[in-house]
Amino acid sequence: MNSSQGASDTADRIGATTALRRRVRSRLSARRYKPQQISRRSQLDTLPLPAGRVVFLGDSITEHGQWQEWFPDIPVVNRGVGGETSGDILERVYGVINSPSAVMLLMGTNDIGQGKPTEGILNNLAGILDHIDYCAPGTSVVVQSIMPRALSYRGEVLWANERIREIVASYPENIRYLDLWPALATPEGALRPELSEDELHLNGPGYQAWVHVLEPVLRELTVGSHTG
């Protein structure tokens, strides 16, 4: 077999594997996901993923962010899907990594809301980080703390965030933890009421407070890769 034929066979196998994954995921989606999640995932599968972008990866809190408007001079792409747990994000992470300049990861609140154990969040986080490192070694990944929500979730969220911080600390320096609580939480540990209409999702001032934390980090990570 010559080298060109070998390369062609490899490309064919990769293409077939990708197609199979999509068919399997389509069947799973029909059973597990809400119609709006299926539509969102289908759209993201259809769109090409440009290289060299900051990838915002997460659930509805990420999806609802108008990132291209908040950061008009930084190449960003939104890969948030509403309602997703950390396991759902792990399931699709292979399709959102294409030589990114950085990945901004936010996940875990839906796991907690659904009563899933913290151990699952940690295992899925490790899987996501390992996959990103495999596909794009050395990529900067910012693992953001689970945001505060209604006060009744305070203890569980804080516990999960401490474990997430420990997981991140075990990785090389290109993986960092970003604590969002000082900007978003009340002294008692709830999401500040002026930042949300439902004690979970952010409103305009909520996104503004979040962006204030994200901006210096993004500027640092993308120095030289954008104009402005």
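Predicted model, so just to flag it, every value in this text is computed and none were measured. (Residues numbered from 1 in each chain as written. Predicted model: local features only at pLDDT ≥ 70, side-chain atom pairs only at ≥ 80, totals over all residues. Heavy atoms only, no water.)

1. Examining the overall build of the protein
Here comes step 1: Helix and strand content of the protein: 10 helices and 5 strands.
Here comes step 2: Per-residue burial over the protein gives 46% buried out of 228 residues.
Here comes step 3: Taking the intrachain contacts of the protein between residues at least 6 apart in sequence as the baseline, contacts between residues at least 24 apart amount to 70%.
Here comes step 4: As displayed, the protein has an accessible area near 11,400 Å², and 53% of this comes from carbon and sulfur atoms. (Helix = DSSP H or I, 4+ residues; strand = E, 2+ residues; numbered from the N terminus. Buried < 20%, exposed > 50% of the residue type's maximum accessible area, 1.4 Å probe, protein only. Contact = heavy atoms within 4.5 Å. Areas by Shrake-Rupley, 256 points an atom, 1.4 Å probe, with all protein chains shown as cover.)

2. Some thoughts on unusual backbone geometry
Here comes step 1: In this structure, Ser 99 is a non-glycine residue whose phi angle is positive, near 50 degrees.
Here comes step 2: Mapped onto the elements of the fold, Ser 99 is located in the loop between helix H5 (86-92) and strand E3 (102-106).

3. Re the pattern of salt bridges
Side chains that differ in sign of charge can pair as their charged atoms come close.
Here comes step 1: A complete count under the given rule lists 11 salt bridges for this structure.
Here comes step 2: In this structure, Glu 220 engages Arg 176 in a salt bridge whose closest nitrogen and oxygen atoms are separated by 3.0 Å. Remark: Arg 176 occurs in strand E5 (residues 175-178) and Glu 220 occurs in helix H10 (residues 204-221); sequence separation between them is 44 residues.
Here comes step 3: Salt-bridge contacts for Arg 219 lead to Glu 215; the nearest nitrogen and oxygen are separated by 3.0 Å. Separated by 4 residues within a single helix, Arg 219 and Glu 215 lie in helix H10, roughly one turn from each other.
Here comes step 4: Assessed through its relative accessible area of 31%, Glu 215 is described here as partly exposed.
Here comes step 5: One salt-bridge network, held together by shared partners, links Arg 41, Glu 84, Glu 91 and Arg 92. (Salt bridge = Lys/Arg side-chain N within 4 Å of Asp/Glu carboxyl O.)

4. Description of the sheet that holds strand E1 (residues 54-58)
Here comes step 1: Strands sit in the order E2-E1-E3-E4-E5 across an open sheet of 5 strands; the sheet is parallel. Of all the strands in the sheet, the pair left with one neighbour each is strand E2 (76-80) and E5. Between one strand axis and the next, the sheet turns through 20 degrees on average, direction left out of account.
Here comes step 2: Inspection of the sheet shows E1 paired to E2 by 5 bridges, in the parallel sense. Note that in E2 the partner of Val 54 across the bridge is Val 76. (Pairing = 2+ DSSP bridges. Axes fitted to C-alpha atoms, helices over the stretch in contact; angles between N-to-C directions.)

5. Focus on H10
Here comes step 1: Helix length check: H10, at 18 residues, gives a terminal C-alpha distance of 25 Å against a target of 26 Å (1.5 Å per residue), a fit within 8%.
Here comes step 2: Taking the largest bend as the criterion, H10 deviates by roughly 35 degrees, centred on Leu 214, and proline Pro 216 comes between one and four positions later.
Here comes step 3: Those residues of H10 that fall on the buried side of the exposure criterion are Gly 206, Tyr 207, Ala 209, Trp 210, Val 211, Val 213, Leu 214, Val 217, Leu 218 and Leu 221.
Here comes step 4: Capping the start of H10, Asn 203 holds a side-chain oxygen 2.9 Å from the backbone nitrogen of Gly 206, two or three residues further along. (Expected span 1.5 Å × (residues − 1). Bend = angle between axes of the 7 residues up to and from the residue. Polar contact = N/O pair within 3.5 Å; in protein donor to acceptor, adjacent residues only side chain to side chain.)

6. Side note on the side chain of Arg 163
Here comes step 1: With respect to the helices, strands and loops of the structure, Arg 163 is situated in helix H8 (residues 154-169).
Here comes step 2: Aside from chain neighbours lying at most four places away, what touches Arg 163 is Thr 118 and Leu 122.

7. Remarks on the nonpolar core
Here comes step 1: Membership of the largest hydrophobic core comes to 30 residues, with the highest contact counts inside it found for Leu 57, Leu 105, Val 143 and Ile 164.
Here comes step 2: Taken together, the elements giving at least two residues each to this core come down to E1, E3, helix H7 (118-135), strand E4 (140-144), H8 and E5.
Here comes step 3: Within the second largest apolar cluster, 28 residues are counted, among which are Val 54, Phe 71, Val 76 and Met 104. (Core = buried A, V, L, I, M, F, W, Y, C linked by side-chain atoms within 4.5 Å.)

8. Notes on the packing of aromatic side chains
Two numbers describe a pair of aromatic rings. These are the distance of the centres and the angle of the planes.
Here comes step 1: With the rule as written, the count across this model stands at 6 aromatic pairs.
Here comes step 2: Here Trp 67 and Phe 71 contribute two aromatic rings whose centre-to-centre distance is 6.4 Å and whose plane-to-plane angle is 15 degrees, an arrangement assigned as stacked. Just as Trp 67 is buried, Phe 71 falls in that class too.
Here comes step 3: Ring pairs connect the aromatic residues Phe 56, Trp 67, Phe 71, Tyr 207 and Trp 210, which therefore count as one cluster.
Here comes step 4: A cation over an aromatic ring shows up here: Arg 149 above the ring of Tyr 153, its NZ or CZ 3.9 Å from the ring centre.
Here comes step 5: Lying over the aromatic face of Trp 159, Arg 163 brings its terminal NZ or CZ to 4.0 Å of the ring centre. (Phe/Tyr/Trp six-rings, centres within 6.5 Å; stacked < 30°, edge-to-face > 60°. Lys NZ or Arg CZ within 6 Å of the ring centre and 35° of its normal.)

9. Some remarks on the pairing of E1
Here comes step 1: Most of E1 sits inside the fold, with 5 of its 5 residues counted as buried.
Here comes step 2: Neither face of E1 is open: one carries Val 54, Phe 56 and Gly 58, the other Val 55 and Leu 57, and all of them are buried.
Here comes step 3: Of the pairings in the sheet, the one linking E1 to E3 comprises 5 bridges and is parallel in character. By the bridge assignment for E3, Phe 56 is matched with Met 104.

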